Amino acid sequence: MRQRAWHLRWNAAVLAAIGLAWAVVALVFAAQGYAISAYRGAPQPWWPSLGYSLAIFSVWALLTPAIVQAVALIEATVARRSGRVLVYVAGLPVVSALHVALFALLYWPVYSDGGRVPTRAAMAARMFVQNVDTNTLFYLLVVGVAVVVARRRQEARPAVTPTAAAPSDAAEPAPLQVRTRGRLQLVPLAQIDWIQAAGDYAEVHAGRHAHLLDESLSSLAERLPAAEFARIHRQSVIRVDRVKEVRSLGRGDAAVVLANGTELRLSRRYRANLLGRLPRPAPADPARR
């Protein structure tokens, strides 16, 4: 239900803004083309030029939500920066091909040049070659904005801060409810080792099992007991008593090693929060010196 509500907000609020933004870009491009042609002494007709620009960028308006959603998934699931860059580079020809294919599918009857472009396939092939530079520019623009938005959404909520421990007679926290193969399963918090972000979902690791929870990691982190769980990265939350070692990686980077051998990256933003909650080693006994 949480993911569905997010999509409803996306459709109602963001799609109109995306369409308006691309319409402004189309207007700027049409005005630029008109100004250049007028400077050369052969001004092109304004309204046909504007119509063609609107057609071109209407396809970008259709592709933008899918690109933004794909970027959010890549940012949440691909851990290495080099891996994300490779995926984005591989996506350029795919998105360019989709752009020209959709344009040919929608607008071939209007821009077939009086029948001189015989088929939609011929139009798509011609446009793919002619628009390599502009498609690359706008692909990088959309992906760049989407990366910024995805990272801000993942880091929007503040780090979990320690709170006073619950009284000993307090009720045990309610277990997490997950669905496995169509049935509801309860996962006690004491069995959880760590939790990983998976897009708009959270992947709960408990022993040898992993469960997908229909809730974002940020939302889940807010309602986990702060005395038992700590966020160590925008993509992971751990159970504090599972920490075996905090290992320095140099240059201020660090990793958390859990009791089961899992090694997770410790973000600098959350490092002080975690280290302040780990038990300190007992002082040496003077009598044994």
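Placed above this text is the structure.
Residues numbered from 1 in each chain as written. Predicted model: local features only at pLDDT ≥ 70, side-chain atom pairs only at ≥ 80, totals over all residues. Heavy atoms only, no water.

### Here's the deal with the overall build of the chain
Operational definition: Put simply, DSSP H or I for four residues or longer makes a helix, DSSP E for two residues or longer makes a strand, and each gets a number counted from the N terminus. Burial classes: relative accessible area under 20% of the type maximum marks a residue as buried, over 50% as exposed, and values in between as partly exposed (1.4 Å probe, protein chains only). Whether two residues are in contact is decided by their heavy atoms, any of which lying within 4.5 Å being enough. Each accessible area is a Shrake-Rupley estimate made with a 1.4 Å probe; only the visible protein chains count as cover when residues are assessed.
Scanning the chain from terminus to terminus reveals 7 helices and 10 strands. Here the chain, with 289 residues, has 36% of them falling under the buried criterion. A fraction of 54% describes how many contacts in the chain between residues 6 or more apart in sequence connect residues 24 or more apart. On the chain, roughly 17,700 Å² of surface is accessible, and the fraction owed to carbon and sulfur atoms is 60%.

### Examining the pairing of strand 3 (residues 194-198)
Here is the rule: Note on pairing: DSSP must find at least two bridges between two strands before they are called paired.
Looking at chain direction, strand 3 and strand 4 (residues 201-206) are connected through 5 bridges and run antiparallel. Considered in strand 4, the bridge of tryptophan 194 is made with histidine 205. The turn linking strand 3 back onto strand 4 is made up of 2 residues, and glycine 199 within it adopts a positive phi angle of 70 degrees.

### Digging into the packing of aromatic side chains
Condition: Whether two aromatic rings pair depends on their centres lying within 6.5 Å, for rings of Phe, Tyr and Trp, where Trp uses its six-membered ring; planes under 30 degrees apart make the pair stacked, over 60 edge-to-face, and the rest tilted.
Counted under the stated rule, the structure contains 14 aromatic pairs. Between the aromatic rings of phenylalanine 29 and phenylalanine 57, the centroid separation amounts to 5.3 Å while the plane-to-plane angle is 65 degrees, which identifies the pairing as edge-to-face. Remark: phenylalanine 57 occurs in helix 2 (residues 46-77) and phenylalanine 29 occurs in helix 1 (residues 2-39); sequence separation between them is 28 residues. Ring plane angle 20 degrees and centroid distance 6.0 Å describe the contact between phenylalanine 103 and tyrosine 111, whose orientation is recorded as stacked. The class for phenylalanine 103 is buried, based on a relative accessible area of 1%. Linked through ring pairs, Trp22, Phe29, Phe57, Trp60 and Phe138 together constitute an aromatic cluster.

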